[in-house]
Amino acid sequence: MLDETFRIPLYADLAAVGVGSLQGALFAAGFKRLDLLGVAIIGIFSGVGGGFLRDVFLGTTPAAFADNWYLVVATGAAFIGMLLQRLLEKIDPVVTVLDAISIGMFGAIGATKALAFGMPVVPALFIGTVSAVGGGVLRDLMLNIPIALMHVGSLYAVASLVGVTVLLALLALGVAVIPASIVCVVVTALVRLLAVRFGWSLPEQRALSRIRLRRQRQVEQAIEEALHTGAITLPTTILGAEDGDGPLRGPDAPDRGADPEPPRDGR
């Protein structure tokens with residue numbers, strides 16, 4: 001059990017919630033047939049969703065319901081993202097950097113809070129990751145679209161998973177909570193930003209079958225080349241069958257005898 005959790009000033013926590021709501025509203029604003037209230041609700045859930053799921057799993061009152069400012073900031077940021085969509089799209093790299101930092105903070109807060117509640121390391125890892133990506137999951141569910149983190153794309157959930165893993169490893173080595181959590185935020189943000197910059201992603205699940213198919217084709221190609229160069233030869237009975245000279249014969253094939261004489265009357 002951890003004696004303390006990673007605590008940040010309220011304004012920093014609210015800023016992270018605001019960035020999440022801003023991005024959620026920007027994302028939802030691109031969908032047709034969504035009114036102002038619908039976009040605002042999507043933005044709010046994107047900002048507070050991760051912390052909400054974290055506290056639900058931990059069986060405690062959600063932080064968003066324990067202070068007035070969380071919902072106020074999430075709502076305001078959602079409306080700003082909706083009304084200033086074109087302006088914010090021009091500074092998208094800045095929003096992406098802030099979002100990368102915010103998921104690192106949510107991951108550190110979630111993991112340390114789970115440890116403080118007496119959870120083992122592996123569940124704490126799960127809680128920390130859910131805390132970081134839960135807002136995006138709720139956003140996609142409410143928009144009735146495929147959940148982004150389950151599909152090929154930039155390493156969003158993986159970045160949080162790596163950062164929280166580093167945090168837990170440092171805590172196991174005796175590092176204090178605050179320095180370990182800061183390292184978690186930095187590692188998460190770096191992995192996320194590098195994934196966005198270079199287009200990193202996990203391989204698609206069909207890639208495994210593609211690898212097997214590629215290897216099979218390589219084997220077939222090697223056999224064909226060996227046959228053309230004479231490195232290997234096939235039995236004459238098989239070659240005869242391939243050339244159309246007759247049925248495939250072998251030592252165990254039954255003797256059918258001589259071919260019957262064709263009828264003389266043309267039938």
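Residues numbered from 1 in each chain as written. Predicted model: local features only at pLDDT ≥ 70, side-chain atom pairs only at ≥ 80, totals over all residues. Heavy atoms only, no water.

*Asks:* Account for the overall build of the protein, naming residues and giving values.
*Replies:* Looking only at helices and strands, the protein has ten helices and zero strands in total. Listing the helices and strands of the protein from first to last along the sequence gives α-α-α-α-α-α-α-α-α-α. For the protein, restricting intrachain contacts to residue pairs at least 6 apart in sequence, the fraction spanning at least 24 positions comes to 73%. On the protein, roughly 16500 Å² of surface is accessible, and the fraction owed to carbon and sulfur atoms is 64%. (Helix = DSSP H or I, 4+ residues; strand = E, 2+ residues; numbered from the N terminus. Contact = heavy atoms within 4.5 Å. Areas by Shrake-Rupley, 256 points an atom, 1.4 Å probe, with all protein chains shown as cover.)

*Asks:* Summarise the environment of Tyr156; cite the residues concerned and give the values.
*Replies:* With respect to the helices and strands, the residue Tyr156 is situated in helix 7 (residues 156-172). Residue classification places Tyr156 among the partly exposed residues on the basis of a relative accessible area of 22%. In this structure Tyr156 touches Asp99, Ile103, Ala132, Val133 and Arg192, once residues within four positions along its chain are discounted. (Buried < 20%, exposed > 50% of the residue type's maximum accessible area, 1.4 Å probe, protein only.)

*Asks:* Break down the layout of surface pockets for me, with residues and values.
*Replies:* Taken as a whole, the second largest pocket holds about 390 Å³ of empty space. Lining the second largest pocket are 21 residues, with Asp13, Arg54, Ala63, Ile109 and Lys113 positioned closest to its centre. Elements with a contribution of two residues or more to the lining of the second largest pocket: helix 1 (10-29), helix 2 (36-58) and helix 5 (92-116). When residues in the lining of the second largest pocket are grouped by element, the largest group, six residues, is from helix 2. (1 Å grid on protein atoms, 1.4 Å probe; cavity = no way out; pocket = protein on both sides within 12 Å on 5 of 7 lines; lining within 4 Å. Points joined across faces, edges and corners; volume = space filled by probe spheres on them.)

*Asks:* How would you summarise the packing of helix 2 against helix 5 if you had to cite specific residues and measurements?
*Replies:* Packed helices, taken two at a time, are described by the angle between their axes plus the distance between the axes. Here helix 2 crosses helix 5 at 10 degrees, and the two axes come no closer than 11 Å. Taken as axis vectors, helix 2 and helix 5 run roughly parallel relative to one another. Only Phe106, Ile109, Gly110, Lys113 and Ala114 of helix 5 make contact with helix 2, whose side of the interface consists of Gly47, Arg54, Asp55 and Leu58. (Axes fitted to C-alpha atoms, helices over the stretch in contact; angles between N-to-C directions. Parallel < 35°, antiparallel > 145°, perpendicular 65-115°, else oblique.)

*Asks:* Now, about unusual backbone geometry: what can you tell me, with residues and values included?
*Replies:* One non-glycine residue, Asn144, adopts positive backbone phi at about 60 degrees. Structurally, the position occupied by Asn144 is in the loop between helix 6 (121-143) and helix 7. Note on Asn144: relative accessible area 70%, which makes it exposed.

*Asks:* Lay out the side chain of Asp13 in plain terms, naming residues and giving numbers.
*Replies:* Within the secondary structure, Asp13 is located in helix 1. Among all residues touching Asp13, those that are not within four sequence positions of it are Ile8, Tyr70, Phe106 and Ile109.

*Asks:* Tell me about the packing of aromatic side chains, and name the residues and values.
*Replies:* Evaluated as defined, the whole model comprises four aromatic pairs. Considering the side-chain rings of Phe27 and Phe31, the 5.5 Å spacing of their centres and the 50 degrees angle between planes classify their relative orientation as tilted. Between Phe52 and Phe65, the aromatic rings sit 5.8 Å apart at their centres with planes inclined by 70 degrees, giving edge-to-face as the arrangement. Of this pair, Phe52 sits in helix 2 while Phe65 sits in the loop between helix 2 and helix 3 (68-83), placing them 13 residues apart in sequence. Owing to a relative accessible area of 29%, Phe52 belongs among the partly exposed residues under this scheme. With relative accessibility at 54%, the residue Phe65 sits in the exposed group. We note Arg197 situated over the ring of Phe198; from NZ or CZ to the ring centre the distance is 5.1 Å. (Phe/Tyr/Trp six-rings, centres within 6.5 Å; stacked < 30°, edge-to-face > 60°. Lys NZ or Arg CZ within 6 Å of the ring centre and 35° of its normal.)

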